[in-house]
Amino acid sequence: MRFIEGTRAFTEDELHAHNMTRHHVTEFYREQIIKSGYYEQLKYIVEPSLKELDSPGTLDTSGEHDNTVVPGLQHKYTQTGLLLVTDRCASYCRFCFRKRMVGKNSDEIAPDFDRLGEYIGSHPEINNVLLSGGDPFVLSTARLDKILDHLLSIPHLQSIRFGTKIVAFQPKRLQDPALRDVFRRIHKAGKTGVIVTHFDHVGEISVDAQRSIGLLRTQGVQFLNQSVLLANVNDDPEILAATFAKCHQVGVHPYYLFQGRPVKGASHFQVSLRRGLEIARGINQRLSGIQKTFKYIMSHYTGKIEILDLGADGRVYMRYHQNKIPEKIGKIFSRPYVEGACWLDDLPEG
Ligand code: SF4
């Protein structure tokens, strides 16, 4: 197998034991990262590294199992239902926090959309669903249409969101005319169609990606972007400011900048909280108010935590952006910073 560091021989069993993510990259993305002039940074997104063999961590950092209420449906935050609709992606990111399932035949994928629709239908507090996986747009448009049959008749659902990196990996997928009909259908049902793109780097926003976004925006689709802060890829305020400025320019709202998670086989991508805060500040200094619409977020087992500052008192200040317990949302709290800490669990209480 080819790694960034060189070629090594592994048996299938060894790769399996290390939970090694499949190596697959679209031809489009392979060419785009070279053409972009940023190959030396972007290669880390999709090319395997030997570091994956001994990066410590766990395979479910956000408590996805614990929040699964029906197979394939997570209900962690009051208003949101998270659906795992596929375990496949157009290409596989080496840092994926769902390493445990992507590119594999996972039993975490929703097997029964009737059951799932019944759960959402009987929970009026759920006003939006997020179709995730894997990448929902690797499914055929006909399959997506079938999934929507179970969702569009639920009156309290206000928006249908798709989390996808296909706009970077294979943007022409979004130019399928039948997909435009899907979004027209969502609109006709009185819901908002939302696509959450996953651009980690300005070099991923290709001309084709811009064209696809433009086409679907004319159908009333709202676009947001989430990025992951990744060592050696985008741990640079210049790059992330350029990424968010480009997103803004093409009609995509910068939304979350995620702190890398301590995922087994991917924790070498983590950047310290000190450095992350410097980068977040550097991005904010380079952008206008309407471009800096992102929050620097740690998607922790306990909830989504906005990382605010490292104070002169040596404490990291944070606030819950989302929490299972609504009373905790918005409350600022702090923990003493430990040099090199990358995650809430690395910070002692007190
Ligand atoms: S596209 Fe998303 S789900 Fe797929 S490997 Fe990348 S980060 Fe994971």
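Residues numbered from 1 in each chain as written. Predicted model: local features only at pLDDT ≥ 70, side-chain atom pairs only at ≥ 80, totals over all residues.

Just to check I follow, could you spell out the nonpolar core for this structure?
Soluble, globular proteins show a tendency: their nonpolar side chains are buried together. Counting residues in each nonpolar core, the largest one holds 82 residues, and the members touching the most others are Leu83, Leu257 and Ile307. A per-element tally of this core places helix H10 (residues 273-286) first, with five residues. In this view, Leu257 contacts Ser227, Leu229, Leu240, Ala280, Phe294, Tyr296 and Ile297; residues no more than four positions away in its chain are not counted. (Core = buried A, V, L, I, M, F, W, Y, C linked by C-beta atoms within 7 Å. Buried ≥ 20, exposed ≤ 12 C-beta atoms within 10 Å, placed from the backbone. Helix = DSSP H or I, 4+ residues; strand = E, 2+ residues; numbered from the N terminus. Contact = placed C-beta atoms within 7 Å.)

What exactly am I supposed to notice about the site of the ligand here?
In the neighbourhood of the ligand, the contacting residues comprise Cys89, Tyr92, Cys93, Cys96, Arg98, Val102, Gly134, Asp135 and Lys165. Broken down by class, the residue content of the shell around the ligand amounts to five nonpolar, one polar and three charged. (Near = placed C-beta within 6 Å. Nonpolar A, V, L, I, M, F, W, Y, C, P; charged D, E, K, R; others polar.)

I keep staring at H10 and nothing clicks. Help me out?
Quick reminder: α-helices carry 3.6 residues per turn. Residues three or four places apart thus point the same way. The end-to-end C-alpha separation of H10 is 20 Å, in line with the 20 Å expected for 14 residues at 1.5 Å each. Listed in full, the buried residues belonging to H10 are Leu273, Gly276, Leu277, Ile279, Ala280 and Ile283. Buried residues of H10, seen end-on, are gathered within an arc of 160° and therefore sit on one face of the element. Buried-residue contacts for H10 involve helix H9 (237-249), strand E10 (253-258), strand E11 (295-300), strand E12 (303-310) and strand E13 (315-323). (Expected span 1.5 Å × (residues − 1). Arc of directions from axis to C-beta.)

When you look at helix H3 (residues 39-46) in this model, what are you seeing that I'm missing?
Taken together, the buried positions of H3 are occupied by Gln41, Leu42, Tyr44, Ile45 and Val46. Elements in contact with the buried residues of H3: helix H2 (27-35).

Explain the sheet that holds strand E4 (residues 73-74) to me, please; I cannot follow it from the model alone.
Sheets are built from strands paired through backbone hydrogen bonds, the pairs being either parallel or antiparallel. Pairing within the open sheet is mixed, and its 12 strands lie in the order E3-E4-E5-E6-E7-E8-E9-E10-E11-E12-E13-E14. Edge strands, defined here as strands with exactly one partner in the open sheet, are strand E3 (68-70) and strand E14 (332-336). Where E4 and strand E5 (residues 80-84) come together, two bridges link them in antiparallel fashion. Pairing of Gln74 across the sheet is with Leu82, part of E5. H10 contacts E10, E11, E12 and E13 of the sheet and is inclined by roughly 80° relative to E12. (Pairing = 2+ DSSP bridges. Axes fitted to C-alpha atoms, helices over the stretch in contact; angles between N-to-C directions.)

Got a minute to help me understand the packing of H9 against H10 in this structure?
A pair of packed helices can be characterised by two numbers: the angle between their axes and the separation between those axes. Remark: H9 packs on H10, axes separated minimally by 8 Å, with the N-to-C direction vectors making an angle of 50°. Of the possible angle classes, the one that applies to H9 and H10 is oblique. Along this stretch, H9 crosses H10, giving a crossing that reads as right-handed. Within the contact between the two elements, H9 uses Pro237, Leu240, Ala241 and Phe244 and H10 uses Ile279, Gly282, Ile283 and Arg286. Residue composition of the contact of H9 with H10, grouped by class: six nonpolar, one polar and one charged. (Parallel < 35°, antiparallel > 145°, perpendicular 65-115°, else oblique. Left-handed = near helix turned anticlockwise from the far one by under 90°.)

Is there a simple way to think about the pairing of strand E7 (residues 159-163) in this case?
Looking along a regular strand, one sees the side chains alternate between the two faces of the sheet. Within E7, four of the five residues are buried, which leaves the element mostly enclosed by the surrounding structure. The sheet contact formed by E7 and strand E8 (residues 192-197) spans five bridges and is parallel. By the bridge assignment for E8, Arg161 is matched with Val194.

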